[in-house]
Amino acid sequence: MTPRTQTPRSPSPRSSGPRSSGLLIALFSAAAFGASGPFMKPLLESGWSPAAAVAARAGIAGLVLLIPALIALHGRYGVLARHAAFIVAYGLIAVLGTQVLYFAAIQRMPVGVSLLIEYSAPVLLVLLAWGRTRRAPAATAIVGSLLSIGGLVLVIDPTGVGNLDPLGVVFAAGAAVCLACYFLLSGTPTEGLPPVVLICAGLFIGSGALLLAGAVGILPLTLTLDTVTLLGADGVPWYVPFAVVVLVSTSFAYLTGLIGASRLGSRVASFVGLTEVLFAVLLSWLLLGEVPTLMQALGGVLVVGGIIAIKLERTSRTDAVAPAEPVGSHQDAVVGQARTREPDPLST
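Residues numbered from 1 in each chain as written. Predicted model: local features only at pLDDT ≥ 70, side-chain atom pairs only at ≥ 80, totals over all residues. Heavy atoms only, no water.

Colleague: Residues and numbers for the side chain of H83, please.
Modeller: By the secondary structure assignment, H83 is in the loop between α4 (78-82) and α5 (84-106). Once residues within four sequence positions are removed from consideration, H83 is found in contact with P189, T190, E191 and L193. (Helix = DSSP H or I, 4+ residues; strand = E, 2+ residues; numbered from the N terminus. Contact = heavy atoms within 4.5 Å.)

Following this line, the structure appears as structure tokens:
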């Protein structure tokens, strides 16, 4: 965050309206993001490969966002060239790597468990910073990391009661690594790059890279138009869950995430974004009948609690060196919130 020179003013009574609506919009965004796994899993079980699912989702969602992106770009195509490296990294890491590995994980494991393992990315960053600097992190970050690690052990359930697929655990861990790598890129300056342009371009790059990988035989691109089982009903057309994933869990989720972050500020919005796990677990239960074991549920609470502790440590450290910013006043905060499929657990 860039330190601000002016003295921040207390929020006026008028700000309560946008802030309240921002909270509701951010919750809608988290619920929409959380729905991607439960609605995509029936397609994966019917024969879609993870690479094909992400390529189709990203490509069509990019088309849906193309008009808003062109309006936001307003003919300033040089912005794309200036930030080309970051946009490509976003497409390959956040769109391609994270999503393909996440979908590969939910193909073999419950959605909620896969997402919780992916959410261990902040812990990886704490451990990486500790190893690189040789300086122990603050006590809050250590406690948060220990809580999350302990929670992950319970989620993975080494006793075997949860009957998790080992390869699925590996895929979910790979998604966490990709998410952590993307957070490391978040310091790249993006002045002048509208968030919706970044998202749209990244979706096209990720989809194009997957189609190319499929064309040369690196990744399997398979899909089927067979009916699927959804909400306990057989014979549901494949395009019903796919439309939900593209229109709701991608286009709607990103756009509402941008609006929510601009009204709440990236810190509050990223805390609200943690409810994505809760929505994913609830929707997986309603749509797929996936109910976590008691041990996995306890582990999930510990993982989310640990992430909150890590975020609180980073937030308090940032506040110590920079004054608080008025809600929605910093454009880069909105860009940072919009950079990844999931709200950035480490945004400041």
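Colleague: So, the pattern of salt bridges: which residues are in play, and what are the values?
Modeller: Pairing between side chains of opposite charge can happen when the charged atoms of each approach one another. Scanning the model with the defined rule gives two salt bridges in all. Between K41 and E290 there is a salt bridge, and its shortest N-O distance comes to 2.5 Å. With K41 in helix α2 (residues 36-46) and E290 in the loop between α13 (275-288) and α14 (294-321), this residue pair connects regions lying 249 residues apart in the sequence. For D165, the salt bridge identified is with R108, shortest N-O distance 3.3 Å. Here the residue D165 occupies a position in the loop between α8 (139-156) and α9 (166-184), and R108 occupies one in the loop between α5 and α6 (111-118), the gap between them amounting to 57 residues. (Salt bridge = Lys/Arg side-chain N within 4 Å of Asp/Glu carboxyl O.)

Colleague: Any details on a nonpolar patch on the surface? Residues and values, ideally.
Modeller: A contiguous nonpolar surface patch, about 590 Å² in accessible area, is contributed by L24, F28, I60, V64, L247, V248 and F252. Of all the elements in the fold, those that place two or more residues in the nonpolar patch are α1 (16-34), α3 (50-73) and α11 (239-264). At three residues, α11 tops the list of elements feeding residues into the nonpolar patch. (Patch = residues over 30% accessible without salt bridge, like charges linked within 9 Å, V, L, I, M, F, W, Y side chains within 5 Å. Areas by Shrake-Rupley, 256 points an atom, 1.4 Å probe, with all protein chains shown as cover.)

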